[in-house]
Amino acid sequence: MKWSLNELRQAGSEPIMVNEELDLTSALKKRRPEIISASKVAVQGLFSVDKLGVLGYFKVQVELTLPSTRSLEPTVLPLSFEVTEHYVSYHEHDLSGFEDTDVVIVLDKDILDFDRVIEDNILLQIPMQVLTKAEQQAQSKQMLSGQDWRVVSESQLEQLRKDEKTLDPRLAKLADFFGENQED
């Protein structure tokens, strides 16, 4: 689906409601060849015109099948997320009215390609690490290790950092030693 910016602006104060089911499998596979399959994408939302441009707000749900980043086994990754973006004309040069946290998309030739917007946001939601359920459960248990090294989870790393900050009580008196004897 494609709309021109003028078409979206003609709606005036009435928002344009979107309730679509998109088949983006081939487009997603073309952009990320490791994607094995994708379900139909359920999109609900709206376009609203405001003084800054056109605001799009959508809820997106899709299931992707990707290879596990550890074993390459096919893994189903359910994605459910919200998108809020502002769309402005490529003639617009003053974007100072937007907050630093606003996502502002400058439309090439003032055409909004809705499928491409949804594709982009789906690809942004794919995590760096995709694990099967068995790998996720095993990750919480023992990780790989070798001589003088081991893989730790983020929670284990956080605990190790806390433990390093705790001073050995046998060395507690030495902590004050340099503070008392320094004379400048």
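In this report, the structure presented in the accompanying data block is examined. (Residues numbered from 1 in each chain as written. Predicted model: local features only at pLDDT ≥ 70, side-chain atom pairs only at ≥ 80, totals over all residues. Heavy atoms only, no water.)

## Describing the environment of Gln129
In this structure, Gln129 sits in the loop between helix 3 (114-125) and helix 4 (133-140). Taking the relative accessible area as the measure of exposure, Gln129 reaches 43% and is therefore partly exposed. Sequence separation of Gln129 and Thr69 is 60 residues, and the distance between their C-alpha atoms is 5.8 Å. (Helix = DSSP H or I, 4+ residues; strand = E, 2+ residues; numbered from the N terminus. Buried < 20%, exposed > 50% of the residue type's maximum accessible area, 1.4 Å probe, protein only.)

## Looking at the environment of Val43
Along the chain, Val43 falls in strand 4 (residues 41-50). Look at Val43 and you get buried, because its relative accessible area is 0%. Along the chain, Val43 and Ala138 lie 95 residues apart, while their C-alpha atoms are 34 Å from each other. With residues near it in sequence (within four places) discarded, Val43 still touches Val18, Asn19, Glu20, Leu22, Phe58, Lys59, Val60, Phe114 and Ile118. (Contact = heavy atoms within 4.5 Å.)

## Points about the packing of aromatic side chains
Summed over all chains, the structure comprises four aromatic pairs. Ring centres of Phe58 and Phe114 lie 5.1 Å apart, and the angle between their planes is 65°; on these two criteria the pair is classed as edge-to-face. Taken together, the residues Phe58 in strand 5 (residues 53-67) and Phe114 in helix 3 connect sequence positions 56 residues apart. Taking the relative accessible area as the measure of exposure, Phe114 reaches 0% and is therefore buried. Among the aromatic side chains, those forming a connected cluster through ring pairs are Phe47, Phe58, Tyr87 and Phe114. (Phe/Tyr/Trp six-rings, centres within 6.5 Å; stacked < 30°, edge-to-face > 60°.)

## Focus: the pattern of salt bridges
The tally for this structure, following the rule as stated, stands at four salt bridges. The partner of Arg31 in a salt bridge is Glu119, and the shortest N-O contact between them spans 3.1 Å. With Arg31 in helix 2 (residues 25-31) and Glu119 in helix 3, the pair connects residues that are 88 residues apart, well separated along the chain. Looking at Arg31, the relative accessible area reads 30%, which means it is partly exposed. A relative accessible area of 8% places Glu119 in the buried class. A salt bridge links Asp120 to Arg116; the shortest N-O distance between them is 3.7 Å. (Salt bridge = Lys/Arg side-chain N within 4 Å of Asp/Glu carboxyl O.)

## Details of helix 3
Taking 1.5 Å of rise per residue, the 12 residues of helix 3 would be expected to cover 16 Å, and the 17 Å separating its terminal C-alpha atoms lies within 8% of that figure. Here helix 3 has its buried residues at Phe114, Val117, Ile118, Glu119, Asn121, Ile122 and Leu123. With a side-chain oxygen positioned 3.4 Å from the backbone nitrogen of Asp115, the residue opening helix 3 is Asp113. (Expected span 1.5 Å × (residues − 1). Polar contact = N/O pair within 3.5 Å; in protein donor to acceptor, adjacent residues only side chain to side chain.)

## Regarding a nonpolar patch on the surface
Among the surface-exposed residues, Tyr90, Leu95 and Val106 lie close enough to one another that they form a single nonpolar patch of about 250 Å² accessible area. Mapped onto the elements, Tyr90 comes out in the loop between strand 6 (74-89) and strand 7 (104-107). (Patch = residues over 30% accessible without salt bridge, like charges linked within 9 Å, V, L, I, M, F, W, Y side chains within 5 Å. Areas by Shrake-Rupley, 256 points an atom, 1.4 Å probe, with all protein chains shown as cover.)

## Describing the nonpolar core
With 32 residues, the main nonpolar core has Phe47 and Ile122 as its most contacted residues. Secondary structure elements with two or more residues in this core: helix 1 (5-9), strand 2 (16-22), strand 4, strand 5, strand 6 and helix 3. By residue number, the principal contributor to this core is strand 5, which donates six residues. What Phe47 contacts, discounting residues up to four positions off in sequence, is Trp3, Leu8, Pro15, Ile16, Val18, Val54, Leu55, Gly56, Phe58, Tyr87, Leu112 and Phe114. (Core = buried A, V, L, I, M, F, W, Y, C linked by side-chain atoms within 4.5 Å.)

Function-wise, these values are silent; they only describe arrangement.
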